[in-house]
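Spelled out, the chains give:
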Amino acid sequence: MRDIGPGARAPDELTFSQRMANLRHLGRLFAQIWRTSRFLTLASIGLRLVKALQPIAMLYVGKLIIDEVVRLSGIASPGEDVWAWWESGALSTITFYLGIELLLVLVNDLLTRSVNLVDTVLGEMHSNTVSVELLQHAARLDLMHFESADYQDRLERARRQAASRNTVLAQIFGQAQDIITVATLAAGLAVYAPWLIVLLFVSMFPAVWGEQRFNLRGYYLNRGRTPERRQLEYVRWVGARPETAKEVKLFGLGDFLVERFRTLATAIFLDNRKLAIERTVFGGILAAVSTLTYYGAYAYIVWKTISGDFSIGDLAFLSGSFLRLNGLFHQIMIGFTQVAGQSLYLDDLFSFFEIKPTILDPAKPQSFPDPLAKGIRFEKVGFRYPESETWTIRDLSFEIKAGETVALVGENGAGKTTIVKLMTRLYDPVEGRITIDGTDIRDIGLADLARHMGVIFQDFMRFSFTAGENIGIGDVTAVDDEARIREAAERSLAAAVIEKLPGRYTQVLGRMFSKGRDLSGGEWQKIAIARAYMRDAQVMILDEPTAALDAKAEAEVFARFIGLAQGKTTLLISHRFSTVRMADRILVLDNGRIIEDGSHAELVARGGLYAELFELQAAGYR
Ligand SMILES: Nc1ncnc2c1ncn2[C@@H]1O[C@H](COP(=O)(O)OP(=O)(O)OP(=O)(O)O)[C@@H](O)[C@H]1O
């Protein structure tokens, strides 16, 4: 077997016990379906139970009919036409049998349709349940998980399974139904020729073995290709999004993207095609073995009928039973390997649920100090990203006093945003601690911490929701509170932007949906600032809050911000010195350490890195 990509184990490496262990997922799946709807689960099982008995009943009534026809063709004719036969009462038995058969056919049709209906409804409900549980679980995970490609792959695999695994249980129920049918047919067959059943069973093994091998290979092929599949999705996304269209067109990236898509898609296609061809060839050969067996047995039954041991009705019953058994045995064996194969996919789904968040609420959460008395301290904090070997920050100590506005400056990649992630517990420090009024932030409840911190990230989200919702979600409990939303919008100057929109606060923003209106970078930023104002947070953290604002808007937003920040503790990150200089105190970050600390005037006078950077920017304006 060829290399199927990183992270994929070859099928042979999976031990028998691991495969069996995967079957435990079936129990979890059943529990999930049971949670979805008890009534429909029971209905599906009950209907199938009744349906399982139908084949033997049909075959037996068929045998009775044939034997009766043979008997009737041997008696003296009571008259010329059908009425004479009817009058004589000779047809009463055959009519009765025909009536039963008709009833069986009608009931079977009704059962088939009902089972389909129940399974479809249950399957869809289950798919929704899984999707909801997946979303709920994803929401509990750490930022770390979302920033890791490996977890993204796992999420992607789980997502794919959530949409498609709902047929597994129907398949298992179908298996149970088939087994009951087989048992009844086999019992009938055993009366006539028990060794035929053994023969059938043995003839199935090659086909079952082949099927199970191909299922495993298919699974690993799929799994190993997850990164490529995600890349494929990404290229598809890049090629067809309004966000990307400008650069795709102007850089002439169309052919480049098409080529990349084609290369990825072809690699996946070639693997799949190879597997499909091998599966078809081997499957065909192995199935021919079972067919040969069937015809051998059929010839035997025919001979026994000719030699007078079996009646014509017996022949019909036995050949029918044998044919059904042959098909069903095959179906059950293949079904088992398929269910085992499906349980591999279930592993993708359930193993996602096993990923546990690491940023947790403390056992005994302390409340966020309200009002803040002393401030926030970083004490010898060291941090490196999970998949990184180098420390992003190390031995970092500084303080933001309560009520103070502190600006953090530093070159790209100095670690400014990382500090924000640590303050808000999106990550925990590897060394040292961060305290709020002396309490380690890990001892404060997560929701409480979040409630007291208003954060606007550099890459804040532009939600394709309404303008009102874009602001309101700053405090989801107040997403419908128009007065508060308007007030926050006034404060951030977003109100003037919204007034110009046709739908005002109910205007859908972004280009994702029809009638959506896109905003300029600066306008979006005002909306994001309003979102932060929705929280009556004690600590405001603004990562590049004015980067996209024009000079006039920046001055205006800032004047308001300083006014509103009275009594609040603020951390401000900016590359614009016109913004930075308004802060009470400025911290200069270099290589993960604070190298200068003081007011604008002090730092300029000191003539260090700050003075140098300030001079560089100021020179640009002269
Ligand atoms: N999720 C991550 N995993 C690994 N490394 C990361 C991750 N996020 C950031 N880094 C790295 O950490 C360092 C600090 O990044 P950070 O975003 O904190 O810088 P910054 O000072 O905010 O930069 P900028 O001024 O460009 O916004 C960078 O070298 C960056 O490559």
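For the chain, an unreviewed UniProt entry supplies the name ABC transporter ATP-binding protein and the organism Devosia nitrariae. Per UniProt, the comment on the chain under Subcellular location (unreviewed entry) is "Cell membrane". Under Sequence similarities (unreviewed entry), UniProt gives the following word-for-word description of the chain: "Belongs to the ABC transporter superfamily."

Engineer: Could you clarify how one ought to interpret the layout of surface pockets in this entry?
Structural biologist: Empty space among the atoms becomes visible once a probe the size of a water molecule is rolled across them. Estimates place the volume of the largest pocket at around 1800 Å³. Lining of the largest pocket is provided by 43 residues; of these, Leu-426, Ala-450, Val-455, Phe-457 and Arg-535 occupy positions nearest its centre. Top element by residues in the lining of the largest pocket is helix H15 (residues 446-451). It accounts for five residues. For the lining of the largest pocket, the residue count by class is 24 nonpolar, seven polar and 12 charged. Along its surface, the second largest pocket is lined by 20 residues, and Trp-237, Arg-241, Glu-243, Met-461 and Arg-462 are the ones closest to its centre. Listing elements by their share of the lining of the second largest pocket, those giving two or more residues are helix H10 (226-239), helix H11 (242-250) and helix H19 (521-533). If you tally residues by element for the lining of the second largest pocket, the top one is H10, at three residues. Tallied by class, residues from the lining of the second largest pocket come to nine nonpolar, four polar and seven charged. Counting contributing residues, the lining of the second largest pocket receives three or more from each of domain 1 (24-75 + 87-353) and domain 3 (462-535).

Engineer: Which parts of the structure should I look at to understand the site of the ligand?
Structural biologist: The environment of the ligand is formed by 14 residues, the closest being Glu-147, Gly-413, Lys-416, Thr-417 and Thr-418. In this structure, an oxygen atom belonging to the ligand sits 3.2 Å away from a main-chain N or O atom of Ala-414. Interatomic distance of 2.9 Å between a backbone N/O atom of Gly-415 and an oxygen atom of the ligand. When the ligand sits alone it has 640 Å² of accessible area, and the protein chains cover 64% of it. The class makeup of the residues in the shell around the ligand is two nonpolar, eight polar and four charged.

Engineer: What should I look at first to understand the pairing of strand S9 (residues 585-590) in this one?
Structural biologist: Consecutive side chains along a regular strand alternate between the two faces of the sheet. Of all six residues making up S9, five are buried, and the element is well covered by its neighbours. Where strand S3 (residues 405-410) lies against S9, five bridges are found, and the strand directions are parallel. Bridged to Ala-407 within S9 is Ile-586. Both S9 and strand S10 (residues 593-598) contribute to a ladder of five bridges, which runs antiparallel.

Engineer: Help me understand the packing of aromatic side chains in this model?
Structural biologist: Where two aromatic rings form a pair, the distance of their centres and the angle of their planes describe that pair. Per the stated rule, a full pass over the model turns up 17 aromatic pairs. Ring centres of Phe-30 and Phe-173 lie 6.3 Å apart, and the angle between their planes is 75°; this geometry places the pair in the edge-to-face category. With Phe-30 in helix H1 (residues 16-36) and Phe-173 in helix H8 (residues 167-192), the pair connects residues that are 143 residues apart, well separated along the chain. Judged by centre distance (5.0 Å) and plane angle (80°), the ring pair of Phe-383 and Tyr-385 falls under edge-to-face. Judged by its relative accessible area of 2%, Phe-383 falls in the buried class. By way of ring pairs, the aromatic residues Phe-30, Trp-34 and Phe-173 are connected into one cluster. Sitting over the ring of Trp-391, Arg-384 keeps its end group 4.6 Å from the ring centre. Geometry around Tyr-533 places Arg-491 over its ring, the cationic atom sitting 5.6 Å from the centre.

Criteria and thresholds
Residues numbered from 1 in each chain as written. Predicted model: local features only at pLDDT ≥ 70, side-chain atom pairs only at ≥ 80, totals over all residues. Heavy atoms only, no water. UniProt positions renumbered as here; feature names shortened; annotations may be inferred. 1 Å grid on protein atoms, 1.4 Å probe; cavity = no way out; pocket = protein on both sides within 12 Å on 5 of 7 lines; lining within 4 Å. Points joined across faces, edges and corners; volume = space filled by probe spheres on them. Helix = DSSP H or I, 4+ residues; strand = E, 2+ residues; numbered from the N terminus. Nonpolar A, V, L, I, M, F, W, Y, C, P; charged D, E, K, R; others polar. Domains from an automatic or database assignment. Near = heavy atom within 4 Å. Polar contact = N/O pair within 3.5 Å; in protein donor to acceptor, adjacent residues only side chain to side chain. Areas by Shrake-Rupley, 256 points an atom, 1.4 Å probe, with all protein chains shown as cover. Buried < 20%, exposed > 50% of the residue type's maximum accessible area, 1.4 Å probe, protein only. Pairing = 2+ DSSP bridges. Phe/Tyr/Trp six-rings, centres within 6.5 Å; stacked < 30°, edge-to-face > 60°. Lys NZ or Arg CZ within 6 Å of the ring centre and 35° of its normal.

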